[in-house]
Amino acid sequence: EAGVAQSPRYKIIEKRQSVAFWCNPISGHATLYWYQQILGQGPKLLIQFQNNGVVDDSQLPKDRFSAERLKGVDSTLKIQPAKLEDSAVYLCASSLEAFGEKLFFGSGTQLSVL
Amino acid sequence: GENVEQHPSTLSVQEGDSAVIKCTYSDSASNYFPWYKQELGKRPQLIIDIRSNVGEKKDQRIAVTLNKTAKHFSLHITETQPEDSAVYFCAALYNFNKFYFGSGTKLNVKP
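Residues numbered from 1 in each chain as written. Chains lettered and ligands numbered in written order. Predicted model: local features only at pLDDT ≥ 70, side-chain atom pairs only at ≥ 80, totals over all residues. Heavy atoms only, no water.

Caption draft 1: Quick look at the environment of Asn24 of chain A. Residues and elements named next belong to chain A. Inspection of the secondary structure assignment puts Asn24 in strand β3 (residues 19–24). With relative accessibility at 26%, the residue Asn24 sits in the partly exposed group. Along the chain, Asn24 and Val4 lie 20 residues apart, while their C-alpha atoms are 5.9 Å from each other. Contacts of Asn24, omitting those with residues within four sequence positions, involve Gly3, Val4, Ala5, Val73 and Asp74. (Helix = DSSP H or I, 4+ residues; strand = E, 2+ residues; numbered from the N terminus. Buried < 20%, exposed > 50% of the residue type's maximum accessible area, 1.4 Å probe, protein only. Contact = heavy atoms within 4.5 Å.)

Below you can see the structure in the form of C-alpha cells.
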C-alpha cells in the first residue's frame, strides 16, 4: 500500500517568516497526527485528528501553529511566525482506527529556521 | 499524562553481539508498547510491539519484554548486524489514543 506522503522534504526559512507543511495519509486511515521531532529527541505530538475533527491539540503552540484537515483526508500544518526553536523535523503519521495502535509515519519535513 | 524514559542514549556493540534498550513508563493505564527504528534521514518504522496482557514477544532476532509491575519494557536484538545501526524509539500508548515516545537510542553496530 502507498505510504504517508509529506511535502516539502526540506525547508529553510528566516525567523518571523511563515511556512506550511502538507500531509496525505494512507487511504482510509481515520486518524492523523503531526509530530515535532527536535534533533536528538523523540517525536512530540502537536495535534491529532480523528477524521476532520481535532482530538488533541494540547501541545500545539496555538499562538503560532495551526493545522487543519479538511474533508478528513489531507492535512496542512502552518507556522506563523517561525522562531529559531521551531527548527525540527515535522512528522505526519496516520492510523487506521479511531483508537489506532499501529502508526505509519511519513518521511517528514526538515525545517531549518535561520 | 504519561512519561517515557529510555536508556541508554547511545549504544555501541560489536557485530554478532546482543543489544538491549530499556524504557520505563509512568502510567499504569498504558497498554500498548511499540518500538520504532529510524535510519538516518528516514521515517520511523514499527519493528515490534507488545500489548499489556503479554510478557514477551519475539520476531526472529528481535524480542520485546514487558514487566507491568515494574513498568518497564525492553528491546532485545540478538546477533546484531551493521544494518541494525539506527536510532530506536520506544513508545507507550496512553488512554487508548495518545502515544508518548522515549528520547531514542542511537545503536552503532561495528563490523
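Having seen the model, we can carry on.
Caption draft 2: Layout of the sheet that holds strand β1 (residues 4–7) of chain B. Residue and element names in this part refer to chain B. Spatially, the five strands line up as an open sheet ordered β1-β3-β8-β7-β6, and their pairing is antiparallel. Only two strands of the sheet have a single neighbouring strand rather than two, namely β1 and β6 (56–59). Pairwise comparison of adjacent strand axes, ignoring direction, gives a mean angle of 15° for this sheet. In this sheet, strand β7 (residues 62–67) lies alongside β6 in antiparallel orientation, the contact comprising four bridges. Within the sheet, the bridge partner assigned to Glu56 lies in β7 and is Thr65. (Pairing = 2+ DSSP bridges. Axes fitted to C-alpha atoms, helices over the stretch in contact; angles between N-to-C directions.)

Caption draft 3: Molecular detail of the packing of aromatic side chains. As enumerated under the stated definition, the model contains 16 aromatic pairs over all chains in all. Residues Tyr35 of chain A and Phe101 of chain B carry aromatic rings whose centres are separated by 5.5 Å and whose planes lie at 85° to one another, so their mutual orientation is edge-to-face. Taken together, the residues span two chains, with Tyr35 of chain A in strand β4 (residues 31–37) and Phe101 of chain B in strand β10 (residues 98–101). Judged on exposure class, the residue Tyr35 of chain A and its partner Phe101 of chain B are both buried. Summarising the aromatic geometry, the rings of Phe99 of chain B and Phe101 of chain B are spaced 6.5 Å apart at their centres and angled 35° between planes, so their arrangement reads as tilted. (Phe/Tyr/Trp six-rings, centres within 6.5 Å; stacked < 30°, edge-to-face > 60°.)

The quantities given are spatial measurements derived from coordinates; they are silent on function.
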